[in-house]
Every structure is written in structure tokens, then in C-alpha cells.
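Observations on the model geometry
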Amino acid sequence: MPQFAANLSMLYPEHAFLDRFEAAARDGFKAVEYLFPYAFEVREIAARLQAHGLQQVLFNAPPGDWEAGERGLACLSGREAEFKKGFAQALDYAGALGCPRVHVMAGLLPAGSERAALYPTYVSNLRWAAVEAAKQGVNVLIEPINPRDIPGFFLNRQDHAHQVVADVGAPNLKVQMDLYHCQIVEGDLTMKLRQYLPTGFVGHIQIAGVPQRHEPDLGELNYPYLFSVLDELGYEGWVGCEYRPKLGTQPGGTSAGLGWLKPYL
């Protein structure tokens, strides 16, 4: 049976961020993930995890200037020092929070540039990050993201991500397989799961309804079937619930939309 982690950057927006830990635990979640922890003191987050019996399973390394539209630094030539400084900060947080995974966002293609020209920088940065992360037992994750949500994102496809893993050659570099993004870009999710899970290089899975990124029981995907495929394939990792609750139509906010989760708790 899948283990589900609440993505606190998207779930429980009716609460202040630090109050979302309690809300998630109250609804039966045993683990959490989110985009970025850096606006908060690490001890504040650690206290919420401990108080509510939650595991921290994933967060992102600093992405550059998020408010200005940056979505990662790993592929950007000339930003290597900034990338390394940010990743070192992520490892500090991971150590303090007991978090075994850090997602490194690839970044956006600069205007007029080609992926092939950026690829050596991307591989070099990931190889360095994997070595640093391995020193404290942390996995580095890369995620293909659909170009509708993030136009111009460097990494869009599962096969490209797994080629990156092969080229970097680090056992602690893995793919963050978000079924929402994969459905939009590629589809054929069952066969993708059957192809990639047995490799051992899928380090985390995320879900959301398609196409509107609401609850997983809203939209075109049959998640109960996909969850059964995960069980069949022996997936023992976490499934991150990275969706936007369909608030406004249901009293009770995020919790009111968790009917899909009840059979799995």
C-alpha cells in the first residue's frame, strides 16, 4: 500500500505554513514535503515535525530568484558558485530535519540557448551535488516538469532524466517521477512505471489530478489502478501529494477533499 506525504506548499493553504504540519498529521499523514524551507528557521520546522510525529521526506534546493521567475540553477553556466552555495544550505537543512532527499531544479533555458550547450554544466553540477550529498546519506533528485506549467524548463521527459542519471553515474542521483507532469508530457503511465521502477532510480513519486492539478480523484487519471501498479512493482517509497485543493466549493478546505485518501490510511 502506498505511503503518502502531504505537500505543504500546496495543501492546507487555509493555514499559515507552520500550522500546516498539525493539519496534515490530524488528517492521518505520516510524512510531509514542500518546495522550500528557507524562509523559516530550521529549528522551527524541526519542532513541528517532532511535535506531530511527522517525517520530512523531501524539499527543494534553492532555485535562484524564485520571485523573479527563476526555476533552478543547475543547468546555468556562470551560476555554479551560487548553485553550490545554495545546495550546501539545502544539505544543512536536510541534516537538521532528517530529510533523505533534496530535489535540484534544473532551471530554465536562457533565450536563444540549446539544451545540448547547457548539458555539460547540468551534469557537472549534479555530479558535484551527488558527491556532497553522499557524505551525509542524502539522495539528489531531478524532476521532469511539463512545459505548460513551467515553459522553457530544461528537463521535461522521463527518458531524458534517466539518461542524465546514467551520464552522471552517481548511485544517489535519482528521478522524482511526478505522474501529473508525466501524463501531460508523455502519458502511458502504467508502462512508464513498469519501465522505470525496476531500475531502482526512481527515488520519489508525486501525484495530482490531470489536467487541473486538483485532488487525484478529479480528472482523467485512474489513481487507484496506478496505486495497485505501484504495489505490484514493490514500490516502497513515498508518494507526494503535490496538488492544489479544490477550495471554495467544499466546506472544510483541504481536509474536505481527502476522501480519496481514506482507504489508504
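Everything below is about the structure printed above this text.
Quick look at the pattern of salt bridges
Enumeration according to the criterion identifies 12 salt bridges in this entry. As a salt-bridge pair, D149 and R213 come within 3.6 Å of each other at their nearest N and O atoms. In this pair, D149 is assigned in the loop between strand 5 (139–142) and helix 5 (158–168) and R213 in the loop between strand 7 (202–207) and helix 8 (223–232), connecting sequence segments 64 residues apart. A relative accessible area of 6% means that R213 is categorised as buried.

Points about the sheet that holds strand 4 (residues 101–103)
Here we have eight strands rolled up into a closed barrel, ordered 1-2-3-4-5-6-7-8, and parallel in their pairing. Put simply, the sheet's adjacent strands are angled 30° from each other on average, direction ignored. Bridge count between strand 1 (residues 3–7) and strand 8 (residues 238–241): four bridges; the pairing is parallel. Counted as the bridge partner of Q3 is W238 from strand 8.

Looking at the side chain of R101
Looking at the secondary structure, you find R101 in strand 4. This buried residue, R101, is left without a salt bridge; E33 holds the nearest opposite charge, at 8.0 Å. In terms of polar contacts, R101 uses its side chain to reach the backbone carbonyl oxygen of V57, at 3.1 Å. A polar atom in the side chain of R101 sits 3.3 Å from the backbone oxygen of G203.

Here is what the cut-offs are and how they apply
Residues numbered from 1 in each chain as written. Predicted model: local features only at pLDDT ≥ 70, side-chain atom pairs only at ≥ 80, totals over all residues. Heavy atoms only, no water. Salt bridge = Lys/Arg side-chain N within 4 Å of Asp/Glu carboxyl O. Helix = DSSP H or I, 4+ residues; strand = E, 2+ residues; numbered from the N terminus. Buried < 20%, exposed > 50% of the residue type's maximum accessible area, 1.4 Å probe, protein only. Pairing = 2+ DSSP bridges. Axes fitted to C-alpha atoms, helices over the stretch in contact; angles between N-to-C directions. Lys, Arg positive; Asp, Glu negative; His and termini not counted. Polar contact = N/O pair within 3.5 Å; in protein donor to acceptor, adjacent residues only side chain to side chain.

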